[in-house]
Amino acid sequence: NDKKRREVQLSIPTVQPDVIVLHDEHWTDSHRFKEDKLRKKAMTNLLSQAVAAGVKDFYYMTYSAVGQDKVRPARVDEAKARQYAREKRCRAGEKGGISFTIIKWHVLTCPGIDKGKCPHKAHGFFDVLPDGNHPSGPAGRWLSAQALAVIAGDVAHHLLRPLGY
């Protein structure tokens, strides 16, 4: 994971993207926002590098939630991401600021999470996440399209706001 993380970090100044989308644990070996200082430091380093490269929007997608054992951890992941964004005062438009948006992927993969139930069958698919974690097949294409639509709509909104729209 260190090699992959370095490759991503090296690509940011070269590519200079306007947007970065990060899906859960891919930013550190030990995933999720917990109290551990090393995890927060890894995210802070990534965001600092993103700001330096001119990234305007950062999207953090919570991890997948299918199965009863993932209900509570998914909620904790979202809460920790929100806490981190508040602590770091992630705000677009401020000098050196970045928009930090949390996409509730766990709610998309488990529409019954508010009721404490995360069955494998959701959105008309027999198995919304075939391996319990990763989107694939028709359900995966549908889930990915939904997430991409949310991100594209939000980015368009951010781009049009300075123009008065």
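Everything that follows concerns the structure shown earlier in this document.
All values derive from a computational prediction rather than experimental measurement.

Analysis parameters
Residues numbered from 1 in each chain as written. Predicted model: local features only at pLDDT ≥ 70, side-chain atom pairs only at ≥ 80, totals over all residues. Heavy atoms only, no water. Patch = residues over 30% accessible without salt bridge, like charges linked within 9 Å, V, L, I, M, F, W, Y side chains within 5 Å. Areas by Shrake-Rupley, 256 points an atom, 1.4 Å probe, with all protein chains shown as cover. Salt bridge = Lys/Arg side-chain N within 4 Å of Asp/Glu carboxyl O. Helix = DSSP H or I, 4+ residues; strand = E, 2+ residues; numbered from the N terminus. Buried < 20%, exposed > 50% of the residue type's maximum accessible area, 1.4 Å probe, protein only. Phe/Tyr/Trp six-rings, centres within 6.5 Å; stacked < 30°, edge-to-face > 60°. Disulfide = S-S within 2.5 Å. Contact = heavy atoms within 4.5 Å.

## As for a nonpolar patch on the surface
- Among the surface-exposed residues, L160, L163 and Y165 lie close enough to one another that they form a single nonpolar patch of about 380 Å² accessible area.
- Assignment of secondary structure puts L160 in helix α5 (residues 137-160).
- A residue is classified by how much of its surface remains accessible, and L160, at 38% relative accessible area, is partly exposed.

## Considerations on the packing of aromatic side chains
- Throughout the structure, instances matching the rule amount to two aromatic pairs.
- Both rings, one in F58 and one in F100, keep their centres 5.4 Å apart while their planes meet at 25°; by these two values the pair is stacked. Taken together, the residues span a long stretch of sequence, with F58 in strand β2 (residues 57-61) and F100 in strand β3 (residues 99-103) at a distance of 42 residues. For the residue pair F58 and F100, the accessibility class agrees, reading buried in each case.
- For the pair F125 and W142, a centre-to-centre distance of 6.1 Å together with 50° between the ring planes defines the contact as tilted. Note that F125 is positioned in the loop between α4 (105-109) and α5 and W142 in helix α5, a separation of 17 residues in sequence.
- Take W142: its relative accessible area is 29%, and that puts it in the partly exposed class.

## Topic: the state of the cysteines
- Counting across every chain of the model gives one disulfide.
- Across a sulfur-sulfur distance of 2.0 Å, C110 and C118 are joined as a disulfide pair. Between C110 and C118, the disulfide has an S-S torsion of -95° and is therefore left-handed.
- For C110, a relative accessible area of 1% translates into the label buried.

## Things to note about the side chain of D57
- Within the secondary structure, D57 is located in strand β2.
- Leaving out residues up to four positions away in the same chain, D57 has contacts with D18, V19, I20, I98, S99, V155 and H158.

Limitation: the analysis is restricted to geometry and does not speak to function.
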